[in-house]
Amino acid sequence: VPKKNPIVVADGITRTFGGFTAVNVDHVEIPANAITALIGPNGAGKTTFFNLLTGFDKPNEGRWTFLGEQQYGVPAHKVARRGMVRTFQLTKALNLLSVIDNMLLGAPQRPGERFLTSLIPSTWRAREEELTAKADDLLKKFKLDAKREDFAGALSGGQRKLLEMARALMSDPKMVMLDEPMAGVNPALTQSLLGHILALKEEGMTVLFVEHDMHVVREIADWVIVMAEGKVVAEGSPDTVMDDPAVVEAYLGA
Ligand code: ADP
């Protein structure tokens with residue numbers, strides 16, 4: 001049951017933009033080895049909260065631990081090395097790279113390495129081979145191996161989501177944060193994506209995801225955190241939270 005064994009414990013996190021408070025989280029815990037959905041209306045602060053936890057943005061105030069270690073002020077690349085990674089929607093630049101190159105860019109610390117292969121010592125080449133093998137394993141697992149050499153930009157919406165997820169796994173994370181994993185995915189791939197997310201949990205990972213589709217939340221989440229106007233306004237099991245008329249009416253749009 002969630003709460004017993006939190007992987008993240010956060011207190012007093014605020015982030016303002018100008019005079020506007022985007023995040024104002026008093027206290028929240030993310031249960032370990034579980035799937036937690038972060039839901040709430042547009043502008044609630046969900047993305048900003050993701051950015052803060054992963055070191056891509058800095059709060060005005062606040063502190064939080066990941067796996068018991070203080071993580072305030074730790075930069076994003078070190079956060080990733082500690083085992084907390086977030087997915088990013090594929091940008092235009094990444095569209096112009098092949099699927100396999102996108103995977104290699106997901107590996108910790110070594111962006112661009114593949115392009116320097118001819119210049120680098122053999123130890124680096126061994127590392128590159130190891131990473132390539134790992135990338136190929138993941139592509140196979142996510143059924144993207146046939147697309148290995150294609151431009152990422154040529155993938156379907158669902159395949160892009162699979163690639164975003166596969167790429168995040170290049171760094172062997174302990175916690176994966178997924179930004180709207182179902183957005184733009186056609187129904188044929190939905191079940192497959194849900195299966196992959198459930199499999200992450202079975203492999204011992206913690207998953208935190210932002211999602212607007214409440215059917216998806218009910219289907220895979222063990223725990224739900226509702227944000228509105230920067231605050232955590234409700235949390236609990238999917239049934240408790242999503243069947244609470246006050247929550248539905250106020251925040252989820254009945
Ligand atoms: P959500 O992901 O829940 O839709 P966001 O975290 O994206 O919400 O945004 C929360 C609020 O903070 C929004 O009102 C948004 O306009 C504002 N905001 C987010 N990032 C910035 C920024 N870099 N500059 C100014 N305002 C921002």
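Residues numbered from 1 in each chain as written. Predicted model: local features only at pLDDT ≥ 70, side-chain atom pairs only at ≥ 80, totals over all residues.

Going by what an unreviewed UniProt entry lists, the chain is known as ABC transporter ATP-binding protein and is assigned to Schumannella soli.

## Some remarks on the packing of helix H6 (residues 157–168) against helix H7 (residues 187–202)
Running from N to C, H6 and H7 cross one another at 10°; their axes reach a closest spacing of 10 Å. With respect to H7, the axis of H6 lies roughly parallel. Judged by residue contacts, Gly 158, Lys 161, Leu 162 and Met 165 of H6 engage Leu 189, Leu 193 and His 196 from H7. Considering only residue class, the contact of H6 with H7 consists of four nonpolar, two polar and one charged. (Axes fitted to C-alpha atoms, helices over the stretch in contact; angles between N-to-C directions. Helix = DSSP H or I, 4+ residues; strand = E, 2+ residues; numbered from the N terminus. Parallel < 35°, antiparallel > 145°, perpendicular 65-115°, else oblique. Contact = placed C-beta atoms within 7 Å. Nonpolar A, V, L, I, M, F, W, Y, C, P; charged D, E, K, R; others polar.)

## Observations concerning the site of the ligand
Close to the ligand lie Phe 17, Ala 22, Gly 40, Asn 42, Gly 43, Ala 44, Gly 45, Lys 46, Thr 47 and Thr 48, which account for all nearby residues. For the shell around the ligand, the element with the highest residue contribution is helix H1 (residues 46–53), accounting for three residues. Among the residues forming the shell around the ligand, the class breakdown is three nonpolar, six polar and one charged. (Near = placed C-beta within 6 Å.)

## What to know about the nonpolar core
Among the nonpolar cores identified, the biggest contains 70 residues, and Met 103, Ala 166, Val 224 and Val 226 are the most heavily contacted of them. What Ala 166 contacts, discounting residues up to four positions off in sequence, is Met 103, Leu 138, Leu 139, Phe 142 and Leu 144. (Core = buried A, V, L, I, M, F, W, Y, C linked by C-beta atoms within 7 Å. Buried ≥ 20, exposed ≤ 12 C-beta atoms within 10 Å, placed from the backbone.)

## Notes on the sheet that holds strand S2 (residues 20–31)
Ordered in space as S2-S1-S4-S5, the four strands form an open sheet in which the pairing is antiparallel. One side of each edge strand has no neighbouring strand; the edge strands of this open sheet are S2 and strand S5 (69–70). Inspection of the sheet shows strand S1 (residues 6–17) paired to S2 by 10 bridges, in the antiparallel sense. Directly across from Val 9, in S2, lies its bridge partner Glu 29. Sitting on the sheet, H1 is in contact with S1, S2 and strand S4 (61–66), with an inclination near 65° to S2. (Pairing = 2+ DSSP bridges.)

## What about the pairing of strand S3 (residues 35–39)?
Remark: a regular strand shows side chains that alternate across the two faces of the sheet. Burial runs high along S3: five of the five residues are buried. Residues Ile 35, Ala 37 and Ile 39 point to one face of S3 and Thr 36 and Leu 38 to the other, with burial holding for every one of them. Relative to strand S8 (residues 206–210), S3 runs parallel, the two being bridged by four bridges. Following the sheet pairing, Leu 38 is matched in S8 by Val 210. Of the pairings in the sheet, the one linking S3 to strand S9 (residues 223–228) comprises four bridges and is parallel in character. Bridge pairing links Ala 37 to Val 224 in S9.

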